Amino acid sequence: MLEEIKKFYEKTKFKFGELQKLPKGIEVPLNWIRVFYKTYPRFPKIELKIPEKETEFSKLLKKRVSRRDFKDCPINFEDIERILYLSSGLKSSDNENLQPKRFYPSAGARYPIEVYLLANNIEGLSKGLYHYNVKSNTLEEILKKDLSGKSIRLFGQDISKGNPNFIILTGVMSRSEVKYGLNAYRFGLIESGHIGQNIYLLSEEQRLGCCAIGGFDNELTTKLLDLSDDEIPLYVFALGKTN
Ligand SMILES: Cc1cc2nc3c(=O)[nH]c(=O)nc-3n(C[C@H](O)[C@H](O)[C@H](O)COP(=O)(O)O)c2cc1C
């Protein structure tokens, strides 16, 4: 990994308890909660209609929200199969000479993102840590162990209530660095966002709850996944049945 990327990553790593603390007795500042909208009041405006045509896709977009009210009830194995494959798997291609594409865009088709599953609550799948092998569409069992206690330390107490599962996205920087240098980190974050939206919408489609987690313990996650120096955890999604 390029030295500058490593430095930036090290400086922006998240650890619980290191969030900006408010002095005792001070309310949450308004600029933490007030939402701002940019506007050009003196420029001409063209009115736009809210689209009326309802499709399955527009319904999904409207329904998507971050859900955190997980209930301790297993999700189906078929749901996780569907979510992993359609969020980050390989598309089948008629042309064997071309590299297969995926369900999300990737800068220069370098595909730096790796996908892991921390299974706490899936019918028919042992509790533990798995790597999603994109090429063979298989789950590789890294650790067969109940990690629900560890999930609390990695991803936080609040989001772990109701024992959800977690999808962890990491980025292998060197895959993109060879082409884009320092932009590898930026592109990795953007691409994990693309996959994340797929995960959110597929979860909604399967009537499962999903919540993005940017605030997770980077060091503990790196340790659990036993990542090399070149691979950094980027984004996590809690996934489970909700109330
Ligand atoms: C990059 C990113 C990081 C986030 N991190 C967290 C998090 O650590 N914990 C959490 O509960 N929600 C997290 N969220 C979810 C946001 O709180 C949520 O998207 C926002 O409140 C808007 O609500 P909605 O997703 O229901 O539309 C994150 C969302 C994004 C995009």
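Residues numbered from 1 in each chain as written. Predicted model: local features only at pLDDT ≥ 70, side-chain atom pairs only at ≥ 80, totals over all residues. Heavy atoms only, no water.

Asks: Residue-level account of the packing of helix H3 (residues 56-63) against helix H8 (residues 183-205), with values.
Replies: Remark: H3 packs on H8, axes separated minimally by 9 Å, with the N-to-C direction vectors making an angle of 100°. Judged by the angle between their axes, H3 and H8 are roughly perpendicular. From H3, Phe-57, Leu-60, Leu-61 and Lys-63 reach across to H8, where they touch Gln-197, Leu-201, Glu-204 and Glu-205. Class assignment of the residues belonging to the contact of H3 with H8 gives a composition of four nonpolar, one polar and three charged. (Axes fitted to C-alpha atoms, helices over the stretch in contact; angles between N-to-C directions. Helix = DSSP H or I, 4+ residues; strand = E, 2+ residues; numbered from the N terminus. Parallel < 35°, antiparallel > 145°, perpendicular 65-115°, else oblique. Contact = heavy atoms within 4.5 Å. Nonpolar A, V, L, I, M, F, W, Y, C, P; charged D, E, K, R; others polar.)

Asks: Could you give an account of the sheet that holds strand E2 (residues 128-133), naming the residues involved and the relevant values?
Replies: Taken together, the six strands give an open sheet; going across it, the order is E3-E2-E1-E4-E6-E5, and neighbouring strands pair in antiparallel fashion. Every other strand in the sheet has two partners, leaving strand E3 (138-144) and strand E5 (209-213) as the edge strands with one partner each. This sheet shows a mean twist of 25° between the axes of neighbouring strands, independent of strand direction. Inspection of the sheet shows E5 paired to strand E6 (residues 231-240) by five bridges, in the antiparallel sense. Across the sheet, residue Gly-209 finds its bridge partner in E6, namely Gly-240. Docked against the sheet, helix H7 (residues 173-180) engages strand E1 (113-119), strand E4 (165-172) and E6, running at close to 35° with respect to E4. Against the sheet, H8 touches E1, E4, E5 and E6, its axis set at about 10° to E6. (Pairing = 2+ DSSP bridges.)

Asks: Can you tell me about the nonpolar core, naming the residues and giving the values?
Replies: With 33 residues, the main nonpolar core has Ile-80, Leu-117 and Ile-167 as its most contacted residues. Of all the elements, H8 adds the most residues to this core, at six residues. Residues in contact with Ile-80, not counting those within four places in the same chain, are Ile-75, Leu-117, Ile-122, Ile-167 and Leu-239. Within the second largest apolar cluster, 18 residues are counted, among which are Phe-70, Leu-118, Leu-147 and Cys-211. (Core = buried A, V, L, I, M, F, W, Y, C linked by side-chain atoms within 4.5 Å. Buried < 20%, exposed > 50% of the residue type's maximum accessible area, 1.4 Å probe, protein only.)

Asks: I'd love a proper account of the pairing of E2, names of residues and values included.
Replies: Counting buried positions over the six residues of E2 gives six, a clear majority of the element. Side chains Gly-128, Tyr-130 and Tyr-132 project from E2 onto one buried face, and the interleaved Leu-129, His-131 and Asn-133 project onto a second face that is buried too. Where E2 meets E3, six bridges bridge the pair, whose relative direction is antiparallel. Across the sheet, residue Tyr-130 finds its bridge partner in E3, namely Glu-141. If you look at the hairpin formed by E2 and E3, you'll find four residues sitting between the two strands, and Asn-137 has a positive phi there, around 50°.

Asks: Which residues make up the side chain of Ser-106, and what values go with them?
Replies: Within the secondary structure, Ser-106 sits in the loop between helix H4 (77-88) and E1. Separated by 2.9 Å, the side chain of Ser-106 and the backbone nitrogen of Tyr-111 make a polar contact. Within the structure, Ser-106 has its side chain in polar contact with the side chain of Glu-191 (distance 2.8 Å). With residues up to four places along the chain from it excluded, the contact list for Ser-106 reads Tyr-111, Pro-112 and Glu-191. (Polar contact = N/O pair within 3.5 Å; in protein donor to acceptor, adjacent residues only side chain to side chain.)

Keep in mind that these numbers describe shape and distance, not what the molecule does.
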